Amino acid sequence: MDWVIRFLNILLPVLYVSCLFLYGFLFVHAGAWQGRRCRLLLRSTLGIHLLYLALVALACGRLPMTNLYEALSFLAFAIAAVYAYLEQRVKDESAGVFILAFVFLFQILSSAFVTHESHLSPMLQGWGFALHVVLALLSYAALAISAVFSAMYLMLYYEIKRHRFGLIYSRLPSLDVLGTLCYQGARVGFVLLTLAIFSGVVWSHQVLSVAWYKDAKGIVALVTWLVYGVLLVLKSRWRWHGLRVAYFSLAGFAVILFSLMVVNLFLTGFHGFS
Amino acid sequence: MFKWVVFGMNHETAPLEVRERLALSADEVRRVLQRAEQTPALDSAAVLSTCNRTEMVAIVSSRGGVPQDLLALLSAVRPEVERIPASSWYLHRAEAAVRHLFRVSAGLDSMLVGEPQILGQVKEAYQLYCEMCQPHPVFNKLFHLAFRCGKRVRTETRLGEGAVSVAYAAVELAMKIVGSLAQKTALLIGAGETGELVARHLIDKQIGRLLLCNRTAERAERLAQRLKGQVLPFEALERALEEADVVLCCAESPTRLLTREQLSKVLPRRSSPALFLIDLGVPRNCEPECGRWENVFLYDLDDLKRLAELNLARRREEIPKAETIVEEMIGEFALWHRSLQAEPTIRQLTQRVEAIRAGEVEKHRKRFEGEHWDDLDALTRGIIGKILHSPLEKLKECDGKTSHGMARLEATRELFGLDEPEHPEQDDSARNAQ
């Protein structure tokens, strides 16, 4: 089984970069018929990615997300899967190239550095930990998608504002649709993040007997939660609209990237499980 | 041999005053088709009549006098046809006629290249033809390929994308900003013609609500009746601005109707995220600074003209791709037409049956002693020969020149699946047998 996992680990970035190129080509050149090829390739890639995650889980006897690089692969899968669902709902493939750029980045980092340790600390075995990690990664996926739609919103906003009618203008869906997707992504992500933090606090208290605020990752997670919480309050109470929501969502995602990269790699705390 | 022709006039060969004299109603088209059925020189004819073209697609026998017979058909319902100068008409024959029909379906021959209505109009022409006449196999194939050609051009190229008139460009921009118009409110300030045209396009796109504001209340009332909108007094302009998503300004006013200060008061009270201001007035109705507010998008006539021209240029860039599709479809039609000759059909049928026979014999050969193999071959060949004798004789009588003969050849091809790829197993068996 090991060689299959190693092969799929190399294959996945290749497949995602192929998706990225195909969606990029669709964005620049092709008509609607090319969309079918893109959808087919993305779904096939998702199927293979799911198989990879299942094989790692079987081989190691645990969830395939107990270190940073495994988590990045699961995050790539979750983002791509949520995007595939949204694409089906909205009937628009223009966001694919932007979303898949993140997916590819996460997967290539994962494939380059991942190691699958069979041994897992006993404290990380159990449903509490699994629930916390899955919720956290799903919330990151939803918030990443919200950030990508925010970036698309800003690109289109300034294109229309400056009376330019280039590729961005002709290919992206309306500001209204982008604004809605950005807000919905942030809302779903916030709910999942709330549940992830809550489950994490409860689990760390029960299993580790450590206060969450003594951990750098826990503090950054709280900052992320506050950024998105403020965004949702301002949106609903102060009638904040597209532009500011988009900027806020990007700021929130910058905190997440900081949490994923800098905090995980350079700061210590009980999230470093080694 | 069949000869198909396209005869008619369009926006390139005839001016509007000529075209409008020849725009036929559905009933008039039916009368033309009825007469066409009784014209010996014509095997079949269909009529396509729109505001930009009136043309006949016809299959004529070799005895037919083209275009006199076709002109006679049209002049029977529109006598003024005879006074139209000959230079207004065109006649395309054979492959050029097929190319013309396919280009028309694709929107390549339209005044506004890529416009979507023409494909529906070609379909209506074919429906009227089917309603009035016994459908001819060549016509069936020709029109269905024309529909496919139109559809392929629309899905595989961007020929139909982007608004190419100022009014449509305004609506396209509105939809790019506020999305679906169904739940949105448009406000029309003034009673200018372009504004009314844009408002009509917004109504076509199912705008949720249309408000009208004009200094002269009577003009606003008259316009509201035509557009089924709601009139507000001019003094209520600020309240209307709070509710509107799209504002069309087309008043004849020497002073600005919308100012930056006015918007600064209105914007905090608005619940909608974006405000699209379309300034169609000359002189302009909105202060240019209005567009500097966050989530306010201001466009004037020149901006919209630039967008329409840009879209037209983009459509023209797609023409080579669309022409390639047209040529592919012509190739498909030519291939189909060639297959309807008797000789290739007979050859393909005998080859197909022989392949099946050889395959089956090969599969069961081991059940027989080697000394009987020649007898087995002779026996099966004999059975096949007897079965095929009568059908082949009948097919030899078909020359592919009469509609009856073509129908028989087409039925044979369909029954024996001669246009489908052969079963690979059969091919292998046949090869082994040889």
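Reading guide: rules and limits
- Residues numbered from 1 in each chain as written.
- Chains lettered and ligands numbered in written order.
- Predicted model: local features only at pLDDT ≥ 70, side-chain atom pairs only at ≥ 80, totals over all residues.
- Heavy atoms only, no water.
- Helix = DSSP H or I, 4+ residues; strand = E, 2+ residues; numbered from the N terminus.
- Contact = heavy atoms within 4.5 Å.
- Areas by Shrake-Rupley, 256 points an atom, 1.4 Å probe, with all protein chains shown as cover.
- Patch = residues over 30% accessible without salt bridge, like charges linked within 9 Å, V, L, I, M, F, W, Y side chains within 5 Å.
- Salt bridge = Lys/Arg side-chain N within 4 Å of Asp/Glu carboxyl O.
- Lys, Arg positive; Asp, Glu negative; His and termini not counted.
- Charge placed at Lys NZ, Arg CZ, Asp CG, Glu CD.
- 1 Å grid on protein atoms, 1.4 Å probe; cavity = no way out; pocket = protein on both sides within 12 Å on 5 of 7 lines; lining within 4 Å.
- Points joined across faces, edges and corners; volume = space filled by probe spheres on them.
- Nonpolar A, V, L, I, M, F, W, Y, C, P; charged D, E, K, R; others polar.
- Buried < 20%, exposed > 50% of the residue type's maximum accessible area, 1.4 Å probe, protein only.
- Buried area = accessible area lost by both parts, 1.4 Å probe.
- Pairing = 2+ DSSP bridges.
- Axes fitted to C-alpha atoms, helices over the stretch in contact; angles between N-to-C directions.
- Polar contact = N/O pair within 3.5 Å; in protein donor to acceptor, adjacent residues only side chain to side chain.
- Parallel < 35°, antiparallel > 145°, perpendicular 65-115°, else oblique.
- Left-handed = near helix turned anticlockwise from the far one by under 90°.
- Expected span 1.5 Å × (residues − 1).
- Arc of directions from axis to C-beta.
- pLDDT = per-residue confidence, 0-100.

Quick word on the overall build of chain B
Across its full length, chain B holds 17 helices and 10 strands. By principal-axis analysis of the C-alpha atoms, chain B measures approximately 105 × 60 × 30 Å. Look at the contacts in chain B between residues 6 or more apart in sequence, and 73% of them connect residues 24 or more apart. Put simply, chain B shows about 21400 Å² of open surface, and 51% of that area lies on carbon and sulfur atoms.

Things to note about a negative patch on the surface
Among the surface-exposed residues, Glu-369, Glu-371, Asp-374 and Asp-375 of chain B lie close enough to one another that they form a single negatively charged patch. Tracing the chain through its elements places Asp-374 of chain B in helix 15 (residues 373-397).

Focus on empty space enclosed by the protein
Under the defined criterion, the tally for this structure stands at two cavities of 30 Å³ or more. Of the voids in this model, the largest cavity is the one considered here, and its volume is about 60 Å³. When residues of the lining of the largest cavity are traced back to their parent elements, those giving at least two are helix 3 (68-90), helix 5 (127-161) and helix 7 (175-208) of chain A. Here the element with the most residues in the lining of the largest cavity is helix 3 of chain A; it accounts for four residues. The class makeup of the residues in the lining of the largest cavity is nine nonpolar, one polar and two charged. Around the second largest cavity, the lining residues are Ala-46, Val-47, Leu-48, Val-57, Leu-101, Val-122, Ala-125 and Phe-143 of chain B.

Let's talk about the side chain of Glu-318 of chain B
Residues and elements named next belong to chain B. Examined against the element boundaries, Glu-318 turns out to sit in the loop between helix 12 (301-317) and helix 13 (319-339). Residue Glu-318 is classed as buried on the basis of its relative accessible area of 11%. Each residue touching Glu-318, except ones within four places of it in the same chain, is listed here: Thr-157, Arg-158 and Leu-159.

Focus: the environment of Tyr-168 of chain B
All names here are of chain B. In this fold, Tyr-168 is placed in helix 7 (residues 166-178). With 33 residues separating them in the primary sequence, Tyr-168 and His-201 have C-alpha atoms 7.0 Å apart. Contacts of Tyr-168, omitting those with residues within four sequence positions, involve Ala-163 and His-201.

Things to note about the interface of chain B and chain A
Counting from both sides, the interface comprises 32 residues of chain B and, opposite them, 26 residues of chain A. A combined buried area of about 2300 Å² lies between chain B and chain A, and 48% of that area is made up of carbon and sulfur atoms. For the chain B face of the interface with chain A, the top three residues by lost area are Arg-158, Lys-176 and Glu-294 of chain B, together amounting to 28%. Remark: the boundary between chain B and chain A carries one salt bridge. For the salt bridge of Arg-244 of chain A with Glu-294 of chain B, the shortest nitrogen-to-oxygen distance reads 3.0 Å.

What about the sheet that holds strand 10 (residues 296-300) of chain B?
Residue and element names in this part refer to chain B. A sheet is described by the order of its strands in space; here six strands give the open sequence 7-6-5-8-9-10, paired in parallel fashion. A single partner strand is all that each edge strand has here, and the edge strands are strand 7 (230-232) and strand 10. Across the sheet, the axes of successive neighbouring strands diverge by a mean angle of 20 degrees, strand direction being ignored.

Points about the side chain of Thr-412 of chain B
Residues and elements named next belong to chain B. Note on placement: Thr-412 falls in helix 16 (residues 403-415). In this structure Thr-412 comes out as buried when scored by relative accessible area, which is 11%. In this structure the side chain of Thr-412 is engaged in a polar contact, spanning 2.8 Å, whose partner is the backbone oxygen of Arg-408.

Here's the deal with the pattern of salt bridges
All names here are of chain B. For the structure on display, the rule yields 29 salt bridges over all chains. Here Glu-327 and Arg-99 are joined by a salt bridge, their closest N and O atoms 2.7 Å apart. On the criterion of sequence distance, the pair formed by Glu-327 in helix 13 and Arg-99 in helix 4 (residues 94-106) is long-range, its members being 228 residues apart. Here Arg-99 falls in the partly exposed class, since its relative accessible area comes to 23%.

Quick notes on a nonpolar patch on the surface
All names here are of chain B. Taken together, Leu-379, Ile-383 and Ile-387 make up a surface patch of nonpolar side chains, about 300 Å² in accessible area. You can see Ile-387 is positioned in helix 15. With a relative accessible area of 57%, Ile-387 lands in the exposed category.

What about the sheet that holds strand 3 (residues 53-60) of chain B?
Residue and element names in this part refer to chain B. The strand order 2-3-1-4 describes an open sheet built from four strands, whose pairing is antiparallel. What marks the edges here is a single partner per strand, and that holds for strand 2 (42-49) and strand 4 (90-93). Sheet twist, expressed as the mean angle between neighbouring strand axes with direction ignored, is 15 degrees. As paired elements, strand 1 (residues 3-10) and strand 4 share four bridges and run antiparallel to each other. For Val-6, the partnering residue across the bridge sits in strand 4 and is His-92. Running over the sheet, helix 5 (residues 117-132) touches strand 2 and strand 3 and is turned about 140 degrees from strand 2.

Focus on the packing of helix 2 (residues 26-37) of chain B against helix 5 of chain B
The description of two packed helices rests on the angle between their axes and on the distance between the axes. All names here are of chain B. At a minimum axis distance of 10 Å, the contact between helix 2 and helix 5 shows a crossing angle of 50 degrees. In terms of their interaxial angle, helix 2 and helix 5 are classed as oblique. Of the two possible hands of crossing, helix 2 and helix 5 adopt the one that is right-handed. Across the interface between the two elements, Ala-26, Val-29, Arg-30, Leu-33, Gln-34 and Glu-37 from helix 2 touch Leu-128, Tyr-129, Glu-131 and Met-132 from helix 5. Grouping the amino acids of the contact of helix 2 with helix 5 by side-chain chemistry returns six nonpolar, one polar and three charged.

Things to note about the environment of Gly-242 of chain A
Residue and element names in this part refer to chain A. Mapped onto the elements, Gly-242 comes out in helix 9 (residues 242-266). Taking the relative accessible area as the measure of exposure, Gly-242 reaches 13% and is therefore buried. Along the backbone, Gly-242 and Ser-259 are 17 residues apart, and their C-alpha atoms lie at a distance of 26 Å.

Section: helix 8 (residues 216-237) of chain A
Residues and elements named next belong to chain A. In this model helix 8 runs 31 Å from its N-terminal to its C-terminal C-alpha over 22 residues, within 8% of the 32 Å that 1.5 Å per residue would give. All of the buried residues in helix 8 are Ala-216, Lys-217, Gly-218, Val-220, Ala-221, Thr-224, Val-227, Tyr-228, Gly-229, Leu-231, Leu-232 and Leu-234. At the C-terminal side of helix 8, Arg-239 shows a positive phi close to 55 degrees.

Description of helix 9 (residues 217-227) of chain B
Residues and elements named next belong to chain B. Those residues of helix 9 that fall on the buried side of the exposure criterion are Ala-220, Leu-223, Ala-224 and Leu-227. In an axial view of helix 9, the angular spread of the buried residues amounts to 105 degrees, which keeps them on one side of the axis. More than 90 degrees from the buried face of helix 9, the exposed residues found are Glu-218 and Gln-225. Structurally, helix 9 contributes buried residues whose contacts are with strand 5 (185-189), helix 8 (193-204), strand 6 (209-213) and strand 7. Lys-228 lies just past helix 9 and shows a positive phi near 55 degrees.

Description of the confidence of the model for chain A
Detailed reading of the predicted coordinates is not advisable wherever pLDDT is low. Summarising the model, chain A shows a mean pLDDT of 85, and 89% of its residues fall at 70 or more. Across chain A, the element-wise mean pLDDT spans from 82 in helix 9 of chain A up to 92 in helix 4 (residues 96-113) of chain A.

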